[in-house]
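Now for the letters of each chain:
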Amino acid sequence: MHKNDEQALLREADALAAHYLHSLSTRPVYPNAGEIQALSGFDEALPDAPTDAHAMLAQLDTFGSVSTSVSTGPHYLGYVIGGVLPAAAAADRLVSVWDQCASSHATSPIAAKLEAVAGRWVLDILDLPRGSAVGFGTSATACGLSCIAAARRSLLAGQGWDLDADGLVGAPEIKVVISDKAHISLFKLLRVLGFGRKRMLIAPTDEQGRIDPKRLPALDDKTILCLQAGEVNTGAFDPFTPLIAKAKAAGAWVHVDGAFGLWARATKTHHHLTEGIEGADSWTTDGHKWLNTPYDSAMAICKDAGALAQAMNSDADYARAESHAQSNLTMEFSRRARGIPVWAVLKTLGRQGVCEMVERHCGQTQKLAEGIDGKGIKVLNKVVLNQVLCTTTGAEGVADFTTRMQAGGKLWFGTTVWNGAPAFRLSVSNWRTTDADIERAIAVLTDVFTEV
Ligand SMILES: Cc1ncc(COP(=O)(O)O)c(C=O)c1O
């Protein structure tokens, strides 16, 4: 492709992107059946001959843009998705053009530098032990896997067992204590690592999904205790101080899944929910949820930097890197410079901006819960963060209500099961969501009731 054409193509993509962004608050929040049906246009045979890139882009926009779930818009309250801050998207644009392999200083000096700075800033804003290793991985799932791998290797080393040399066969058993309300990704990564579900010790929880310290299974120095900051339905936090005190007294390793909830620690109003969390050994959090970076962005944080670096080491004769190089901290060997958008958000929002965004979302969540409770909807959780867990109280069940709302295209959210009963969840985690959007959401959710 000619240089001029390369630039024209990028300008064209930028123009389409700008047009998409312009329509975010007015386009239906989920594609309709016809638009989804039109995706079959992509079911083509692999082309033999090259296709013109402008034509490819036109197809992508014509059929693709309309079939996005508009999760980066202000009316999407599903899962805990977040949006993309303009500064992060802009930095990511440059990262894409730079196309760095951000494994180490040798492969990208700029990526190594900025990810080191971003890692320090993350520890600073989350007030976690300085000097911890921060690996920028693809997801909380993948980063959790790196942390738990480091935990097991480290506990085994404490038992005089060399996991790298001898593997798991015949090794002392490392137990996992985890709550029944832990996120499914924890069970997945534990399964992948070979911790059988039947052998896990389940910590009972209270009505909000918090581990009850009084009923915590016994811990010892061969135990990994998994805690969470932000239960995915209720937003609840495990009581870290008493739980971590017990774990430390027993010599256990504590891992905290804070995929979205860890950012409460950056606030003044909700910091207390994370009290004691700094005493853990490892933490995971996402950028692509509440920090509003683009996908895929997450962090594996480990107090014993060497433990993570050794567990994830991938030095080769042809590619030796510093122990703190990113290729030695997460699963990926080759990777994009996903820490740079994290740097961009922290640089442009600063401590105050992150605090303001998270606090604003928590305030909006309270308003949303108060605005809908008792109007054909019952709020089931104690709203402590950015999650509202609800059920319907009228004739229309949760499934029908949710389907009707999703089909209406004005709001999008999903269902769940809470204590065996169907429920639906609303999450406020997008920087674009304004107070007016919350008023609108209340009106949309309670519309039928208001008409009655
Ligand atoms: C509490 C919690 N932990 C872990 C995850 C998994 O995060 P990721 O999708 O980045 O792997 C999620 C995702 O929703 C979550 O809410």
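Residues numbered from 1 in each chain as written. Predicted model: local features only at pLDDT ≥ 70, side-chain atom pairs only at ≥ 80, totals over all residues. Heavy atoms only, no water.

Peer 1: I would appreciate a short explanation of the overall build of the protein chain in the present structure.
Peer 2: If you tally the helices and strands in the protein chain, you get 13 helices and 11 strands. For 452 residues, the compact-globule formula gives about 22 Å, and the C-alpha radius of gyration of the protein chain, at 23 Å, lands near that figure. C-alpha extents for the protein chain along the principal axes are approximately 65 × 60 × 45 Å. The burial tally for the protein chain puts 51% of its 452 residues in the buried class. The contacts of the protein chain with a sequence gap of at least 6 include a subset with a gap of at least 24, amounting to 71%. Carbon and sulfur atoms make up 57% of the accessible area of the protein chain, which totals about 20,300 Å². The distance from the centre of the 42 positive side-chain charges to the centre of the 49 negative ones in the protein chain is 5 Å. (Helix = DSSP H or I, 4+ residues; strand = E, 2+ residues; numbered from the N terminus. Rg over C-alpha atoms; globule rule 2.2 N^0.38 Å. Buried < 20%, exposed > 50% of the residue type's maximum accessible area, 1.4 Å probe, protein only. Contact = heavy atoms within 4.5 Å. Areas by Shrake-Rupley, 256 points an atom, 1.4 Å probe, with all protein chains shown as cover. Lys, Arg positive; Asp, Glu negative; His and termini not counted. Charge placed at Lys NZ, Arg CZ, Asp CG, Glu CD.)

Peer 1: I would appreciate a short explanation of the site of the ligand in the present structure.
Peer 2: Around the ligand, a shell composed of 13 residues is seen, among which Ala140, Thr141, Asp257, Asp286 and His288 lie nearest. Thr141 is positioned with one of its side-chain polar atoms (N or O) 2.5 Å from an oxygen atom of the ligand. Contact distances for the ligand include 2.6 Å between a nitrogen atom and a side-chain N or O atom of Asp257. Relative to its unbound accessible area of 400 Å², the ligand is 86% covered by the protein chains. Taken together, the residues of the shell around the ligand break down into 4 nonpolar, 6 polar and 3 charged. (Near = heavy atom within 4 Å. Polar contact = N/O pair within 3.5 Å; in protein donor to acceptor, adjacent residues only side chain to side chain. Nonpolar A, V, L, I, M, F, W, Y, C, P; charged D, E, K, R; others polar.)

Peer 1: Would you mind going over the domain arrangement of the protein chain with me for this structure?
Peer 2: By a frequent convention, interface size equals the accessible area lost on bringing the separate parts together. Taken domain by domain, the protein chain comprises domain 1 (3-68) and domain 2 (90-346). One C-alpha centre belongs to domain 1, the other to domain 2; they are set 36 Å apart. (Domains from an automatic or database assignment.)

Peer 1: Is there a simple way to explain the pairing of strand β7 (residues 298-302) in this structure?
Peer 2: Moving residue by residue along a regular strand, the side chains alternate between the two faces of the sheet. Judged by how many residues are buried, β7 sits mostly within the fold: 5 of 5 residues are covered. Along β7, one buried face is formed by Ala298, Ala300 and Cys302 and the opposite face, lined by Met299 and Ile301, is buried too. Inspection of the sheet shows strand β1 (residues 133-137) paired to β7 by 5 bridges, in the antiparallel sense. For Phe136, the partnering residue across the bridge sits in β7 and is Met299. Sheet analysis places strand β6 (residues 282-286) next to β7, joined by 5 bridges and oriented antiparallel. Across the sheet, Asp286 pairs through a bridge with Ala298, a residue of β7. (Pairing = 2+ DSSP bridges.)

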